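Examination of the molecular architecture
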Amino acid sequence: MKAVQKPGDDRDVVTITFGTGEMSGVFLQDSVCVGTICCNANFIAATEESDEPFSLVPFDGICGLSLPQMSEGPSFNLFDCFIRDKVLKSNVFSVFFGATDNEESEITFGEYKPERMASELFWVKVTNPGYWQVAMDDICINNMPQNLCNNGTCQVAVDTGTSLMAGPMDVIERLVETLNVATDCSNYHTLPDLGFKMGGHILNLRPDDYVDKGEDGCSVALMTLDIPPPKGPLFIFGDPFLRKYYTVYDRDSLSVGFALANHPDNPNPKTLLISLDDEPPAANASMLLQTNGSSAGSAGEEGVVEREREREREHPPRPPSLLRKTQPSSHQAVL
């Protein structure tokens, strides 16, 4: 291991600020290995860290996997260093998040694993390299577009380093108002699916994915986050989305692949990940929005009751402690 420094200069030191907390450190260079895959890379050895969050988390460091535009320099991008040294089967990595703390999570360099997928993989091109950022056409409720993206102008960063989902304040506030989640959880079992239209598909989340349900009641687990231009406005798809969907990151084609993650308790994949080539949204039977006591679709009370029964059969509620992690878990890398 050796220090990275310019001739005649003192040691390079950098301070990095995260969503919560910051760290300072010196630049080092060494052989970096993940399993049996190794490369020569630069990294930062922490000399100072803020108490929060680093004193509260079980991991020793953060592996940044964004595109090179977000790196300190070319040799600080671990994934690109793997590519440079030609140690990968193919220039991709893939991420699987366990649905519960008892299910193992996994990051795979050089390939993706069909056994981790409960649907076919589809690809969406990166629109603005830096984050793994893609375009979103709209946000849907029970597969009905809500016209929240101004003709497909929404941008999404897929980010394993974020424990929540977030988006611009004006859009999130409209969503919260439309979903109308009762604070006493009285309408929890009749809440609609929340979907994201991308790449000719709708990627749905169930209420137990987007609602924080606990002893204190229910609230929408969507955080407001206004990122200024040129990086923003931007949605962040963190843990709740990544537990539901398996993601693949292709460096050569600059694309992100999405498939329904293969968990033991998966409901019918066709009710979660919908291909718009196979079935137009209007043909989907669940057009019910019963969040405020009145239907936004044409179905009546009988249909709502049947929908509630169907949801309970397909996807029984998880314990409140598993609905959202407030701190990153040890398997996470920051993309």
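What counts as what
- Residues numbered from 1 in each chain as written.
- Predicted model: local features only at pLDDT ≥ 70, side-chain atom pairs only at ≥ 80, totals over all residues.
- Heavy atoms only, no water.
- Disulfide = S-S within 2.5 Å.
- Buried < 20%, exposed > 50% of the residue type's maximum accessible area, 1.4 Å probe, protein only.
- Pairing = 2+ DSSP bridges.
- Helix = DSSP H or I, 4+ residues; strand = E, 2+ residues; numbered from the N terminus.
- Axes fitted to C-alpha atoms, helices over the stretch in contact; angles between N-to-C directions.
- Contact = heavy atoms within 4.5 Å.
- Phe/Tyr/Trp six-rings, centres within 6.5 Å; stacked < 30°, edge-to-face > 60°.
- Lys NZ or Arg CZ within 6 Å of the ring centre and 35° of its normal.

**Concerning the state of the cysteines**
- Applying the stated criterion across every chain yields a total of three disulfides.
- The disulfide bridge from C149 ends at C154, spanning 2.1 Å between sulfur atoms. Linking C149 and C154, the disulfide has an S-S dihedral of approximately -100° and is accordingly described as left-handed. Residues C149 and C154 agree in their burial class; the two are buried.
- For the chain, the bonded cysteines connect in the pattern 1-2, 3-4, 5-6 when numbered consecutively along the sequence.
- C39 takes part in no disulfide bond, and the closest cysteine sulfur to it belongs to C81, at a distance of 4.8 Å.

**Side note on the sheet that holds strand β11 (residues 154–158)**
- The five strands lie next to each other as β8-β11-β18-β12-β17, forming an open sheet whose pairing is mixed. One side of each edge strand has no neighbouring strand; the edge strands of this open sheet are β8 (133–136) and β17 (222–224). Direction aside, the axes of adjacent strands within the sheet are offset by 30° on average.
- Contacts from helix α3 (residues 169–179) reach β12 (165–167), β17 and β18 (235–237) within the one sheet, and its direction differs from that of β17 by about 140°.

**Remarks on the pairing of strand β7 (residues 122–125)**
- Across the two faces of β7 the burial differs, with F122 and V124 buried and W123 and K125 not buried at all.
- Bridge analysis of β7 against strand β20 (residues 255–260) gives four bridges, and the strand direction is antiparallel. Counterpart to W123 in the pairing with β20 is G257.

**A closer look at the packing of aromatic side chains**
- Enumeration according to the criterion identifies 15 aromatic pairs in this entry.
- Measuring from ring centre to ring centre gives 6.4 Å for F79 and F109, while their planes differ by 45°; the resulting arrangement is tilted. Of this pair, F79 sits in helix α2 (residues 78–84) while F109 sits in strand β6 (residues 106–109); the two residues are 30 residues apart in sequence, bridging distant segments of the chain.
- For F79, a relative accessible area of 1% corresponds to the buried category.
- Taking the relative accessible area as the measure of exposure, F109 reaches 11% and is therefore buried.
- Relative to F258, the ring of F241 lies with its centre 6.0 Å away and its plane at 80°, an arrangement referred to as edge-to-face. Separated by 17 residues along the polypeptide, F241 in helix α5 (residues 239–244) and F258 in strand β20 bring together distant segments of the chain. Each member of the pair, F241 together with F258, is buried.
- Taken together, the ring pairs connect F79, F82, F93, F109, W132 and Y249 into an aromatic cluster.
- When the ring centre of F96 is taken as reference, the NZ or CZ atom of R116 above it lies at 4.1 Å.

**What to know about the sheet that holds strand β10 (residues 144–145)**
- Spatial ordering of the open sheet is given by β10-β9-β13-β14-β21, a layout of five strands whose pairing is antiparallel. Each edge of the open sheet carries a strand with a single partner, namely β10 and β21 (273–275).
- Pairing of strand β14 (residues 201–205) with β21 involves three bridges; the strand directions are antiparallel. By the bridge assignment, H201 is partnered in β21 with S275.
- Contacts from α3 reach β9 (138–141) and β13 (194–198), with the element oriented near 10° to β9.

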